[in-house]
Amino acid sequence: MRSQIFLCLTELIREKFGKEKLDLILDASGLSDSKTYMRYFNGLDFSDEKFFDLVRNVCGILNITKDQAAEAFGEYWVCVYAPREYPQYFKNIKNAEDLLLKLDSIHQDVTANSPSHAEAALPPRFDVQRDGNILKVHYKSKRGMIDFYMGLVKGVGVYFSTPVEIQKISEEEVVIRFGTPNT
Ligand code: HEM
């Protein structure tokens, strides 16, 4: 997968838990060599297995569950990292629902704009059906990261100050309910 996911996770750990914890996690994951880190910083793709190994070490060393890690990642990605690194995708977004409806095309676009990463960048696909204030989402990815999808949806709620309830139906389906934004 694209290295931005790895860079966002390491930035979040450094910011929220400190450099010492980050060093322990990188060490346990075989990533502590600064040359290795710089290669990812410069855009080298990150293997899916390495990412899952890193997440396991994050949970073990910070003593948090995978869902808690996914929620922390989702909030940081949507509220800090993506608006800074990809401001173009936030420009004409009106609200939480609007962003979730556009995610499929955003992820297609991010991949189309990086042909040299076409093999590693296999973006997730999202088929979204709207029914009143409910969205029924079919998530499709060979990586099976629905827990991260759920954490990211909660991050979208935080970004737009909108209460959001999310229910997992299966490893590929979720139902999302929006409340009224707290402005
Ligand atoms: C709006 C700005 C966003 C951008 C620019 C963006 C971009 C990306 C990129 C580049 C990847 C790596 C893809 C790859 O290597 O194949 C990724 C992965 C992912 N994104 Fe986003 N993303 C955004 C927001 C979101 C949001 C809000 C959600 C969910 C609500 C989401 C769900 C996911 C998931 C679940 C993955 C993990 C990979 C997978 O499931 O296969 N993204 N995103």
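A. Structural context of the domain arrangement of the protein chain. Split into domains, the protein chain comes out as domain 1 (3-64) and domain 2 (82-178). If you average the C-alpha positions of domain 1 and of domain 2, the two centres end up 23 Å apart. In this assembly, eight residues from domain 1 lie in contact with eight residues from domain 2. Between domain 1 and domain 2, the buried area comes to about 670 Å², and carbon and sulfur atoms account for 51% of it. Of all residues in domain 1, Asp 45, Asp 48 and Phe 52 give up the largest surface area on contact with domain 2, accounting jointly for 54% of the area buried on that side.

B. Examining the environment of Lys 19 more closely. Within the secondary structure, Lys 19 sits in helix H2 (residues 19-28). Once the C-alpha coordinates of Lys 19 and Gly 144 are considered, the two residues, 125 residues apart in sequence, prove to be 30 Å apart.

C. Region of interest: the side chain of Thr 162. You can see Thr 162 is positioned in the loop between helix H7 (146-159) and strand S3 (164-170). By relative accessible area, which is 8% here, Thr 162 ends up buried. In this structure the side chain of Thr 162 is engaged in a polar contact, spanning 3.1 Å, whose partner is the backbone oxygen of Phe 160.

D. Quick look at unusual backbone geometry. Phi angles above zero are rare outside glycine, and Asn 63 is one such case at about 60°. Inspection of the secondary structure assignment puts Asn 63 in the loop between helix H4 (48-62) and helix H5 (66-85). What makes Asn 63 exposed here is its relative accessible area of 69%. Even without a glycine there, the phi angle at Ser 161 is positive, about 45°.

E. Seen up close, the packing of helix H6 (residues 96-112) against H7. One way to put it is that H6 packs onto H7 with a least axis distance of 10 Å and a crossing angle of 145°. Counting all contacts with H6, which are made through Ala 96, Leu 99, Leu 100 and Leu 103, the residues of H7 involved are Tyr 149, Val 153 and Val 156. Its residues assigned to classes, the contact of H6 with H7 shows seven nonpolar, no polar and no charged.

F. Molecular detail of the coordination of the iron atom of the ligand. There is one protein donor for the iron atom of the ligand, and it is His 107 (NE2), at 2.0 Å. Looking at where His 107 falls in the secondary structure, it is placed in helix H6.

G. Examining the site of the ligand more closely. The environment of the ligand is made up of 27 residues, and the closest members are Arg 2, His 107, Tyr 139, Ser 141 and Arg 143. Note that an oxygen atom of the ligand is positioned 2.7 Å from one of the backbone N or O atoms of Arg 2. Contributions of two or more residues to the shell around the ligand are made by H5, H6 and H7. For the shell around the ligand, the residue count by class is 23 nonpolar, two polar and two charged.

H. A look at the pattern of salt bridges. Taken as a whole, this structure holds 15 salt bridges when the rule is applied. Two residues, Arg 2 and Asp 45, come together in a salt bridge whose shortest N-O distance is 3.6 Å. Of this pair, Arg 2 sits in the segment before helix H1 (3-17) while Asp 45 sits in the loop between helix H3 (34-41) and H4, and the two are 43 residues apart along the sequence. The exposure class assigned to Asp 45 is partly exposed, which follows from its relative accessible area of 22%. We note a salt bridge from Lys 19 to Asp 23, for which the minimum N-O separation is 2.8 Å. Placement of both Lys 19 and Asp 23 in helix H2 is noted, with a separation of four residues, approximately one turn of the helix. Note on Lys 19: relative accessible area 52%, which makes it exposed. Classification of Asp 23 as partly exposed rests on a relative accessible area of 34%. Through salt bridges with shared partners, a single ionic network connects Lys 66, Asp 147, Lys 168 and Glu 171.

So, how was this worked out
- Residues numbered from 1 in each chain as written.
- Predicted model: local features only at pLDDT ≥ 70, side-chain atom pairs only at ≥ 80, totals over all residues.
- Heavy atoms only, no water.
- Domains from an automatic or database assignment.
- Contact = heavy atoms within 4.5 Å.
- Buried area = accessible area lost by both parts, 1.4 Å probe.
- Helix = DSSP H or I, 4+ residues; strand = E, 2+ residues; numbered from the N terminus.
- Buried < 20%, exposed > 50% of the residue type's maximum accessible area, 1.4 Å probe, protein only.
- Polar contact = N/O pair within 3.5 Å; in protein donor to acceptor, adjacent residues only side chain to side chain.
- Axes fitted to C-alpha atoms, helices over the stretch in contact; angles between N-to-C directions.
- Nonpolar A, V, L, I, M, F, W, Y, C, P; charged D, E, K, R; others polar.
- Donors = N, O, S within 2.8 Å, 3.2 Å for Na, K, Ca; no water.
- Near = heavy atom within 4 Å.
- Salt bridge = Lys/Arg side-chain N within 4 Å of Asp/Glu carboxyl O.

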